[in-house]
Amino acid sequence: MIGAVNRPTTPTSIVIIGASGDLARKKLIPALFHLFCNGFLPERFRVVGFARTPLDDESFRQEVAETLTTRFQPEPGECALAVGHFLKRCHYHQGQYTRADDFRTLGRRIEGLAGPRSGLLLYMAIPPDVFLDTARSIRAAGLADEEERPWSRVVIEKPFGRDTASSSELTRALGKIFSENQTYRIDHYLGKEAIQNLLALRFGNRILEPLWNREHIESVEICFSEDIGTQGRAGYFDRFGIIRDVVQNHLLQALALVAMEQPIRLTPGEIAREKDRVLRATRPMNAASTLVGQYEGYRQEPGVPEDSITETFVRTTLHVDTPRWYGVPFEITAGKALAERKTEILVRFRDLPVAFFPGAATNTLRIRIQPDEEIELQLNNKVPGMNMTVTPVGLNMLYQQEFATALPEAYERLLLDVLRGDRSLFIQQEELAAAWEVVTPYLQERERLLKRPPEYPYGCQAPHIFLRSDETPYPGEEAPEATPPGTRPLRKERIRSFPTKESARTELQAELHCALVRKNPQVIMLAGGSTPLEIYTALAEASPRGELETTGFILSDDRHVPRNDERSNVGAIFPLISRWGPARPQLLHPDPNLPPEEAALTLSRHIADLARGSSSFELGILGIGSDGHTASLFDPALVPLLSPEEIGLGRIPLRFLEEETPLALAAGIRLGVERVSLTAPVLLAFRRLIFLVLGEEKRDIITRIVQAPRETPAGRVLMQHPQAQIWTDITLTDGGSHGSH
Ligand SMILES: NC(=O)C1=CN([C@@H]2O[C@H](COP(=O)(O)OP(=O)(O)OC[C@H]3O[C@@H](n4cnc5c(N)ncnc54)[C@H](OP(=O)(O)O)[C@@H]3O)[C@@H](O)[C@H]2O)C=CC1
Ligand SMILES: O=C1O[C@H](COP(=O)(O)O)[C@@H](O)[C@H](O)[C@H]1O
């Protein structure tokens, strides 16, 4: 159990100031215990808890014992032994943070326990308002003196101030009390394996460095999401908000490690110097490219004022003005109470200048910080078979599979570094100041305006909030900051331009092919019309051997005419898809023998049955009419604004199935013929939607949709669905904001 593996040798006393608190209980004590069990603590060590709460050694040990049970999974019989050994070394000293005398008696106690010449680690696990007073008491009691002892090191927890001014004041004041060398500003993200690995990944791999710049990288996304709210820390959180809590420190540190130049040596000073330089080159956050939100129910939490304007979600775009990164957006997202717990860095590479292979997707490098640490490089690979089409595939490195050992908790690594006197993973004062400079102007502006952020539902998907920020306000709510309701143009990423009609068709054919060979039960929506028909014909001629046993098809709309009428979509499409694979395809379509209303109702029921099954609504193809209609939805009111978390799920949300909402409707007589169309809940259920819009005659409507998406049915589908794209051979020329992406 307890091996001697590179352990520090100096007898050491570890004092946790604020030992009765949340951090001590949840992170510090379990981390120390784990270090102990793995033989990383010095042979002679003591853990001394200090706080105001009246406890003695015995009751403190009982509290400590409760925190240990979940962390340690030893061989049978070892657990009690390890816990026993550890508890014997735990002590408690009650005192006031502001009373130097209490720290003097603490000092004498430590001398009695560990001898006069032990190293002293003082961990300030207390709220920031008491940092300074406590620091003064420590200094006055002589505990920071290093003359008489091998070392004395002080660990300070974030937040280090509230803004540039208060942080530099704190730094200045603490600088008078402790030397910079004995100050360890902890940012536990720097203790996470996948964050530490950023240095190794970037500077230890020849293949990445030549590509790691604006020539080859389109954008970088750094995303932090939690599926919990403030979890009993609302009092602290409400005074700080997510920007101070997570962005200013954890996420800007991640940005710095992704964007910095190579340090000349891997020493704490050189690494901090490069991080500082890149943070100083980062333009401050501004309101125009920032969205904030607050989760529903936040203001009802104990400790949160009813009129709180604190943000629990932020999305912002940062720019790093260095030759390496000029013009590359760094999209930063952080939020509490979202759908999942995940921290990730996604590097998107630029597309090749010519779309040579049908089916190719953007290369990406995904670095999963947590949970399930992982690195995945997405490349394009030929789909096995007779055709030269490619599909994106991931080259993965899952830490869990690759490395036999369990990853250490961030606090374990960082506590051990303090014991070893290694400050590489701690924040230095210059980079701290530079990081505050990035967020302070925006924070001050928010505080000046005193504006409450829009709410988002607890547990919703972050990407849906992005969409709201950029393109549409919440249904029935005020628009997010700086966003006039519904007037935001679509983002350029929503338009994919091809040099020719042919290349667009080839690409869509490849896309369909890739979808068809999937084995999971799925639904594909097909649009009628002559352009898509050419693609379906080409696919039929290419015999793609699709998985038709597991794929169902559905038509976006159809003219209500007999199947043998040349205007019938089902009549034209069914024979083609019958050649896409060995099985007989399932195709849901309105029955032309019924009156249109009845045909729509029957189709609606069939779709509801399909939606209750296990098939995922994967890929939908749609067209856009010159008047902005899509499927046979001609009136924008027929595309209501759905709640963002109901969109793109791969299934139709239950409420549309239970409330008997029509999933198909008789769309009336248009151009002399009745139609039946699917409705918005079905169109928006698909995970991916591609609007194929070819020909110069569509330039005006695309421009209109891009500029004012709310005004047309197609635009309303596009603005709501985060994955929907227009594929077109038209290049828009409105100053380059909607280029060929
Ligand atoms: N908890 C977490 O997950 C994280 C915490 N941090 C940081 O770590 C530090 C400690 O956090 P956490 O443990 O959550 O904090 P707590 O609120 O739990 O406070 C820790 C201890 O400080 C004492 N204390 C609380 N309020 C006051 C006060 N107003 N005046 C004097 N003493 C007070 C209490 O001990 P007593 O009354 O017994 O003296 C309390 O048990 C903070 O700086 C926090 O920002 C950073 C990252 C994560
Ligand atoms: O520092 C903080 O980090 C935690 C998230 O840490 P993680 O290691 O679980 O990702 C966050 O919940 C907290 O609000 C913040 O203060």
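Right, let's walk through the structure included here.

What counts, and where the lines are drawn
Residues numbered from 1 in each chain as written. Chains lettered and ligands numbered in written order. Predicted model: local features only at pLDDT ≥ 70, side-chain atom pairs only at ≥ 80, totals over all residues. Heavy atoms only, no water. Near = heavy atom within 4 Å. Polar contact = N/O pair within 3.5 Å; in protein donor to acceptor, adjacent residues only side chain to side chain. Areas by Shrake-Rupley, 256 points an atom, 1.4 Å probe, with all protein chains shown as cover. Nonpolar A, V, L, I, M, F, W, Y, C, P; charged D, E, K, R; others polar. Buried < 20%, exposed > 50% of the residue type's maximum accessible area, 1.4 Å probe, protein only. Helix = DSSP H or I, 4+ residues; strand = E, 2+ residues; numbered from the N terminus.

### Quick word on the site of ligand 2
- Residues in contact with ligand 2, as listed here, are Lys158, His188, Tyr189, Lys192, Glu226, Arg233, Asp245, His250, Lys336, Arg341 and Gln370.
- One of the side-chain nitrogen or oxygen atoms of Lys158 is found 2.7 Å away from an oxygen atom of ligand 2.
- Look at ligand 2: alone it shows 390 Å² of surface, and the protein chains cover 85% of it.
- Residues that form the shell around ligand 2 fall into these classes: one nonpolar, three polar and seven charged.

### Looking at helix α21 (residues 713-720)
- When you tally the buried positions in α21, you get eight out of eight residues, the bulk of the element.
- Listing the buried residues of α21 in full gives Pro713, Ala714, Gly715, Arg716, Val717, Leu718, Met719 and Gln720.

### A few points about the site of ligand 1
- With respect to spatial proximity, 21 residues lie near ligand 1, and among them Ser20, Asp22, Leu23, Thr53 and Tyr97 are the closest.
- Tyr97 places a polar side-chain atom, nitrogen or oxygen, 2.6 Å from an oxygen atom of ligand 1.
- In isolation ligand 1 exposes 870 Å². Once the protein is present, 77% of that is buried.
- A class-by-class count of the residues in the shell around ligand 1 yields twelve nonpolar, four polar and five charged.

### Points about unusual backbone geometry
- In this structure, the amide linkage connecting Lys158 to the following residue, Pro159, adopts the cis form with an omega of 0°.
- Tracing the sequence through the fold places Pro159 in the loop between β5 (152-157) and α6 (164-177).
- In this chain, Gln370 is followed by Pro371 through a cis amide linkage whose omega measures -15°.
- Structurally, Pro371 is set in the loop between β12 (364-370) and β13 (374-382).
- A positive phi angle is found at Asp372, which is not glycine, with a value near 50°.
- Residue position: Asp372 is located in the loop between β12 and β13.
- Of note in the backbone geometry, Leu450 takes a positive phi value of approximately 50° without being a glycine.
- When you line up the elements, Leu450 lands in the loop between α12 (429-449) and β15 (455-456).

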